[in-house]
Amino acid sequence: MLDVLMHFCPGCSHGTIHKLIAEVIDEMGMESNAIGITPVGCAVLAYNYIDIDWVQAAHGRACAVATAVKRLNPEKMVFTYQGDGDLAAIGAGETIHAANRGDNIVVIYVNNAVYGMTGGQMAPTTLLGMKTATTPQGRDAKLHGFPFKAGELISQLDGVCYFTRQSVHTPAAVRRAKKALRRAFDNSMEGKGLSFVEFVATCSSGWKLSPVEANRWMDENMMPFYPLSKE
Amino acid sequence: MAKVRGTLVIDKERCKGCGVCLGACPFKVIELNREVNGKGYNYLYAAHPDLCTGCAGCALVCPDSCITVYRERTEQ
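Residues numbered from 1 in each chain as written. Chains lettered and ligands numbered in written order. Predicted model: local features only at pLDDT ≥ 70, side-chain atom pairs only at ≥ 80, totals over all residues. Heavy atoms only, no water.

A. Broad picture of the interface of chain B and chain A. The interface of chain B with chain A comprises 18 residues on the first partner and 22 residues on the second. For the pair chain B and chain A, the summed buried area comes to about 1,400 Å², and 56% of that belongs to carbon and sulfur atoms. A salt bridge links A:D3 to B:R14; the nearest nitrogen and oxygen atoms lie 2.9 Å apart. Linking chain B with chain A are seven residue pairs in polar contact (both at pLDDT 80 or more). Of all the elements in the fold, those that place two or more residues in the side of chain B that touches chain A are α1 (20-24) and α2 (57-61) of chain B. Here the element with the most residues in the side of chain B that touches chain A is α2(B); it accounts for four residues. Counted by class, the side of chain B that touches chain A contains ten nonpolar, three polar and five charged residues. (Contact = heavy atoms within 4.5 Å. Buried area = accessible area lost by both parts, 1.4 Å probe. Salt bridge = Lys/Arg side-chain N within 4 Å of Asp/Glu carboxyl O. Polar contact = N/O pair within 3.5 Å; in protein donor to acceptor, adjacent residues only side chain to side chain. Helix = DSSP H or I, 4+ residues; strand = E, 2+ residues; numbered from the N terminus. Nonpolar A, V, L, I, M, F, W, Y, C, P; charged D, E, K, R; others polar.)

Quick look at the structure:
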């Protein structure tokens, strides 16, 4: 991690996830061998915070770029860091096909159920009945469709070696999440296939809640729909 | 019996006063200050430093990495 202040809102899960990624890369001694692909969204500025090589992909195309980077540099550790608006909406096609090809990359997917950077609009992952800037009456299945479980969908594909869903709202969850990230990065270096690490995260600004209330709301509403993995 | 005591070092200018760490502390050692830092946030401070056991739960959940925890073994 570079010693700079992050631009994220107070209490944003991105900061904790960035810290975990930096710690795992440091423990593996891969600082000069890791290449990250940043998405479009709040996490785009990850290259200002984690001191490794980065490529900034077009909206949703991080998995396609990561495939190219990994195939040209098979000795590097390549991972993408994407939000739900990037991975599950505009980038669903690229992600599914990268997973189906079984490229040896790690996909880190931060699911906070809204488009955070643009002001909390409805994303494919928004829960039914959840109020956002573009669904002021709550999401209605007849009008907007159902929430998209990208993790479950991708975990069915043969190219995926590891799927896990984690969160970072309690100390125990942070410890589990770090172990999951380490396992995913190890899988990528051992050439086992694509590892998919989903984080259920908060967006206190997008949800119009305080950071502590956002964590509670996530526990009560997000966890039943997006259940966490045991390990 | 050996006892572990913790000492917190908080970077008050980094702190955004989100309060996520407050729920992570089992002994209510930390509180948000009534005063604000340079960015206008009610920053974190150790209100009851004697109760800290150095579990580092607060540091783990801090999104802005502003808490450093030192552990010290004391004989009692």
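B. Quick look at the sheet that holds strand β2 (residues 53-56) of chain A. Residue and element names in this part refer to chain A. Reading across from one edge, β2-β1-β3-β4-β8-β7 is the order of the six strands in this open sheet, with parallel pairing throughout. This sheet does not close on itself; its edge strands, each paired only once, are β2 and β7 (160-167). When strand polarity is set aside, the average angle formed by the axes of neighbouring strands in this sheet is 20 degrees. Taken together, the five bridges between strand β3 (residues 77-83) and strand β4 (residues 106-111) define a ladder with parallel strand orientation. What sits directly across from G83, in β4, is V110. Of the strands in this sheet, β1 (34-38), β3, β4 and β8 (194-200) touch helix α1 (residues 13-28), which is tilted by about 175 degrees from β3. Across the sheet, helix α9 (residues 211-225) lies against β4, β7 and β8, angled at about 140 degrees from β8, the strand it touches most. (Pairing = 2+ DSSP bridges. Axes fitted to C-alpha atoms, helices over the stretch in contact; angles between N-to-C directions.)

C. How the structure looks around the packing of α1(A) against helix α7 (residues 171-190) of chain A. Residue and element names in this part refer to chain A. One can describe the packing of α1 onto α7 by two numbers: an axis separation of 10 Å at closest approach and a directional angle of 50 degrees. The angle between the axes of α1 and α7 places the two elements in the oblique class. At the point where α1 passes α7, the crossing takes the right-handed sense. Residues T16, L20, I21, E23, V24, E27 and M28 of α1 touch α7, and the partners they reach there are V174, A177, K178, L181, R182, F185 and D186. A class-by-class count of the residues in the contact of α1 with α7 yields eight nonpolar, one polar and five charged. (Parallel < 35°, antiparallel > 145°, perpendicular 65-115°, else oblique. Left-handed = near helix turned anticlockwise from the far one by under 90°.)

D. Molecular detail of the pairing of β3(A). With respect to burial, β3(A) is a largely interior element, seven of its seven residues being buried. Residue alternation in β3(A) divides its side chains into two sets, A:M77, A:F79, A:Y81 and A:G83 and A:V78, A:T80 and A:Q82, and both sets are buried. (Buried < 20%, exposed > 50% of the residue type's maximum accessible area, 1.4 Å probe, protein only.)

E. Quick look at the nonpolar core. All names here are of chain A. I21, F79, I108, L181 and F185 are the most contacted members of the largest nonpolar core, which has 53 residues in total. Those residues within four positions of I108 in sequence are excluded, and the remaining contacts are I17, I21, F79, T80, Y81, Q82, L181, F185, V197 and F199. One finds A57, A66, A88 and I154 within the second-largest nonpolar core, a separate group that totals 20 residues. (Core = buried A, V, L, I, M, F, W, Y, C linked by side-chain atoms within 4.5 Å.)

F. Main features of the pattern of salt bridges. Residue and element names in this part refer to chain A. Taken as a whole, this structure holds twelve salt bridges over all chains when the rule is applied. As a salt-bridge pair, D186 and R182 come within 3.4 Å of each other at their nearest N and O atoms. Here the residue D186 and the residue R182 both occupy positions in helix α7, the gap between them amounting to four residues, near one helical turn. With relative accessibility at 26%, the residue D186 sits in the partly exposed group. The network of salt bridges with common partners includes E23, E27 and K178.

G. Local environment of unusual backbone geometry. All names here are of chain A. Positive phi outside glycine occurs at A113, with the angle close to 70 degrees. Its location among the elements puts A113 in the loop between β4 and β5 (114-115). Here A113 falls in the buried class, since its relative accessible area comes to 0%.

H. The arrangement of the environment of A:G36 in detail. Residue and element names in this part refer to chain A. Residue position: G36 is located in strand β1. Residue classification places G36 among the buried residues on the basis of a relative accessible area of 0%. Once the C-alpha coordinates of G36 and Y162 are considered, the two residues, 126 residues apart in sequence, prove to be 19 Å apart. Not counting residues within four places of it along the chain, the set of residues in contact with G36 comprises I52, D53, W54, V55 and F79.

I. Quick look at the layout of surface pockets. All names here are of chain A. There is about 240 Å³ of room inside the largest pocket. Together, 18 residues line the largest pocket, and V40, G41, C42, G116 and M117 are the ones closest to its centre. Of all elements in the fold, only α3 (84-90) and β5 reach the threshold of two or more residues within the lining of the largest pocket. Top element by residues in the lining of the largest pocket is α3. It accounts for three residues. (1 Å grid on protein atoms, 1.4 Å probe; cavity = no way out; pocket = protein on both sides within 12 Å on 5 of 7 lines; lining within 4 Å. Points joined across faces, edges and corners; volume = space filled by probe spheres on them.)

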